[in-house]
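Given next are the chains, with one letter for each unit.
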Amino acid sequence: MRDHIEREIALRLELNHRVKNILASVSSMFQMTLRGAQSVEQLAEDFSARLIALSKVHSVVFESGGEAVSLKTVVDITMSPYRRDGGSRVAAKGPDITLSRDAGTTLALCIHELATNAIKYGALSLPDGRVDLDWRIVPTEDEAFLIIEWSETGGPPVSPPSRSGYGTKYMRSALGSLFGEPPSIVYDPSGLHCTIRGALSRLSPPDRDDGKGARP
Amino acid sequence: MTARRPLRIFYLEDNSLIVFHVEALLEDLGYVFAGSLSSFADLKRNFAQLQMDAALIDIDLADGRTGPDAATWLQQRGIPSLFVTGRELTAKANASAVLGIIRKPIEPEQLSSQLLLLEAARRS
């Protein structure tokens, strides 16, 4: 009986902590969206889209046990809204890789920003435009790297933006600290190209280093 | 902050949204953001390349509940820090490792007043 009560108390403390963490994430997301917003309408639209992206990745992490998630699942749930009208316009492929909760969440939010940008200004703003999202493992002498490439084609001519918005800033900050290096974003006139790179050891869940095919 | 070089503040935190926000808040307040890593193991591995005067530290990191150990480790190297956490009981139990505690979600006023403790530590 006492064990049961102690376990209950521990669970309640843990739940309280997790709720606070989520509230802190949402609060930070709101404050940063507010900084970049030009109007109340834009604030509402951008914030709710980001909140939905966060909520979806939370669900798939929860469904896969709470600590890890597959990259393919993260890509699928993040890109699903953009596949409904013309499934063939977004092609995603790569090996099965298991990411830690934080790496999975961060990548989902980065892919959400890339997708939103493509819909508003990039390849997905025109009927013939398309996005290729490929990932692979590249071994080096010391360790293996995950490389993710986002390539847009068939959209309007691309030119570098005059100022960087939430998406670019978030990707630089988040990938710089979690993945060890910021993404490379190339504003090629024929389409935006973004390369994300990170050491696999930093992206894998702490207890499972096997990563299901992650090691070549 | 007069003519002195602004304090360079490093952030040990595994939540990329919170890092993104704190980076902007620190710059608003005139501090230099000295980078962020998500685990105590990464901090130890990269410490030689980092340039920091002080640190903000979460309790739960990518390699477990290692925030208190990270704070003690930095303290031994002369780097003062603050906890930034929703885990107030653990933070209070390890209060001797830090100069103060910032609660999550972060309120900018609380962040700026706690940062003054780091400023004061540099002066002394």
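The structure under discussion appears in the preceding block.
Visitor: How should I be thinking about the packing of helix 3 (residues 71–83) of chain A against helix 4 (residues 101–120) of chain A in this particular structure?
Guide: Residues and elements named next belong to chain A. Between helix 3 and helix 4, the least distance of the axes is 9 Å, while the angle of their chain directions is 25°. Between helix 3 and helix 4, the angle is such that the two are roughly parallel. Crossing of helix 3 over helix 4 shows right-handed handedness. Mapping the contact onto sequence places Val 74, Val 75, Thr 78, Met 79 and Tyr 82 in helix 3 and Gly 104, Leu 107, Ala 108, Ile 111, His 112, Ala 115 and Ile 119 in helix 4. Taken together, the residues that form the contact of helix 3 with helix 4 break down as nine nonpolar, three polar and no charged.

Visitor: Please explain the interface of chain B and chain A as it appears in this structure.
Guide: It is common to give the size of an interface as the accessible area lost on bringing the parts into contact. Every contact between the two is made by 21 residues of chain B and, on the other side, 21 residues of chain A. Within the residue set of the side of chain B that touches chain A, elements represented by two or more residues are helix 1 (16–28) and strand 2 (32–37) of chain B. Among the elements that make up the side of chain B that touches chain A, the one with the highest residue count is helix 1 of chain B (eight residues).

Visitor: Just to check I follow, could you spell out the pairing of strand 6 (residues 184–188) of chain A for this structure?
Guide: When a strand is regular, its side chains alternate between the sheet's two faces. Residues and elements named next belong to chain A. Among the five residues in strand 6, zero count as buried, and that is only a small part of the element. Two strands pair when backbone bridges link them, and strand 6 and strand 7 (residues 191–199) are joined in this way by five bridges, in the antiparallel orientation. Bridge pairing in strand 7 links Ser 184 to Thr 195. Where strand 6 folds back on strand 7, the antiparallel hairpin that results is connected by two residues.

Visitor: Could you clarify how one ought to interpret helix 5 (residues 166–178) of chain A in this entry?
Guide: Because each turn of an α-helix spans 3.6 residues, side chains separated by three or four positions in sequence point in the same direction. Taking 1.5 Å per residue, 13 residues should reach 18 Å; helix 5 of chain A reaches 17 Å between its end C-alpha atoms and fits that length. Burial in helix 5 of chain A covers these residues: A:Gly167, A:Tyr170, A:Met171, A:Ser173, A:Ala174, A:Leu175, A:Ser177 and A:Leu178. Each element contacted by the buried residues of helix 5 of chain A is listed here: helix 4 and strand 7 of chain A together with helix 1 and strand 2 of chain B. Immediately downstream of helix 5 of chain A, the backbone of A:Gly180 shows phi near 90°, a positive value.

Definitions and cut-offs
Residues numbered from 1 in each chain as written. Chains lettered and ligands numbered in written order. Predicted model: local features only at pLDDT ≥ 70, side-chain atom pairs only at ≥ 80, totals over all residues. Axes fitted to C-alpha atoms, helices over the stretch in contact; angles between N-to-C directions. Helix = DSSP H or I, 4+ residues; strand = E, 2+ residues; numbered from the N terminus. Parallel < 35°, antiparallel > 145°, perpendicular 65-115°, else oblique. Left-handed = near helix turned anticlockwise from the far one by under 90°. Contact = placed C-beta atoms within 7 Å. Nonpolar A, V, L, I, M, F, W, Y, C, P; charged D, E, K, R; others polar. Buried ≥ 20, exposed ≤ 12 C-beta atoms within 10 Å, placed from the backbone. Pairing = 2+ DSSP bridges. Expected span 1.5 Å × (residues − 1).

So, to be careful, I would describe these as geometric facts and stop short of saying anything about function.
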